[in-house]
Amino acid sequence: EAQVTQNPRYLITVTGKKLTVTCSQNMNHEYMSWYRQDPGLGLRQIYYSMNVEVTDKGDVPEGYKVSRKEKRNFPLILESPSPNQTSLYFCASTLGQGHNSPLHFGNGTRLTVT
Amino acid sequence: LAKTTQPISMDSYEGQEVNITCSHNNIATNDYITWYQQFPSQGPRFIIQGYKTKVTNEVASLFIPADRKSSTLSLPRVSLSDTAVYYCLVGDTDLTGGGNKLTFGTGTQLKVEL
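This text gives an overview of the structure that appears in the document. (Residues numbered from 1 in each chain as written. Chains lettered and ligands numbered in written order. Predicted model: local features only at pLDDT ≥ 70, side-chain atom pairs only at ≥ 80, totals over all residues. Heavy atoms only, no water.)

On a plain count of helices and strands, chain B comes out with zero helices and 10 strands. Counting from the amino terminus, helix and strand elements in chain B follow one another as β-β-β-β-β-β-β-β-β-β. Oriented by its inertia axes, the alpha-carbon framework of chain B measures out at about 50 × 30 × 20 Å. Out of the 114 residues belonging to chain B, those deemed buried represent 49%. Contacts in chain B between residues far apart in sequence, at least 24 positions, make up 56% of those at least 6 positions apart. (Helix = DSSP H or I, 4+ residues; strand = E, 2+ residues; numbered from the N terminus. Buried < 20%, exposed > 50% of the residue type's maximum accessible area, 1.4 Å probe, protein only. Contact = heavy atoms within 4.5 Å.)

Given below as structure tokens:
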């Protein structure tokens, strides 16, 4: 089944403890991206990647890192999480460019930082 | 920068046609317009995409005027299960992002009642 898989679905951590949220897609998509969703603010793009070893900042990249060593994986790294990074996170991928082909989203990761 | 504006919420009744309009005054020449549907605690799901005039699929129609500064998602004969948040998305084409940096709006919460 074609899908985007995020792990974990739920994560509770403490301030400053490094964490990684994994994202994997099995559709051979070139474009992958991360979003955070907060009440009243909609979906905001954190980082995106056009292909292996190519990553770029979205609208809210501060406090996050990403890597794209393999085509199928695009992990989101929080080196030193803070409470303002408590949010619902989504990973998405698409075959073409982000703006002209449909995005496939994962089921989300709900992160709580205390 | 491309930005979309949608109504925050809309109410409807089962069986009615619902039209949700999105404003995107700064859309770039090569950007497509894409609509997504999102249910609580799930990732957004692709509904329809278009570039100009009219596009129709099995679930919706998308109307885009000649100047492409707005678009209207039309849902025929809605049911309770269409209660969701609907997002309009255009690319953020600039010299650096090339349309791959994506800016979602805050979405429209559609509530369908009996």
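And the narrative resumes.
Okay, the pairing of strand E2 (residues 18-23) of chain B next. Residues and elements named next belong to chain B. The side-chain alternation of E2 yields one buried face, formed by Val18, Ile20 and Cys22, and one unburied face, formed by Asn19, Thr21 and Ser23. Here six bridges tie E2 to strand E7 (residues 70-75), and the two strands are oriented antiparallel to one another. Within E7, the residue paired with Val18 across the bridge is Leu75. (Pairing = 2+ DSSP bridges.)

What follows deals with the packing of aromatic side chains. All names here are of chain A. Within the structure shown, the criterion is met by 11 aromatic pairs over all chains. Plain terms: the ring middles of Tyr64 and Tyr89 are 5.9 Å apart, the flat faces sit at 65° to each other, and that makes the pair edge-to-face. You can see Tyr64 sitting in the loop between strand E6 (54-57) and strand E7 (65-66) and its partner Tyr89 sitting in strand E9 (residues 87-94), a full 25 residues away along the chain. Residue Tyr64 shares its accessibility class with Tyr89, and that shared class is buried. For the ring pair Phe90 and Phe105, a centre distance of 6.4 Å and an interplane angle of 85° mean the geometry is edge-to-face. Here Phe90, found in strand E9, pairs with Phe105, found in strand E10 (residues 104-105); they are 15 residues apart in sequence, far enough to count as distant. (Phe/Tyr/Trp six-rings, centres within 6.5 Å; stacked < 30°, edge-to-face > 60°.)

Mapping His29 of chain A onto the fold places it in the loop between strand E3 (19-25) and strand E4 (31-38). Beyond its immediate chain neighbours, meaning those up to four positions away, His29 of chain A contacts Arg68, Lys71, Ser93, Thr94, Leu95 and His104 of chain A.

All names here are of chain A. Reading across the sheet, the four strands line up as E1-E3-E8-E7 and stay open at both edges, with antiparallel pairing between neighbours. Edge strands, defined here as strands with exactly one partner in the open sheet, are strand E1 (4-7) and E7. Where E7 lies against strand E8 (residues 76-78), two bridges are found, and the strand directions are antiparallel. Residue pairing across strands places Val66 opposite Leu76, the latter belonging to E8.

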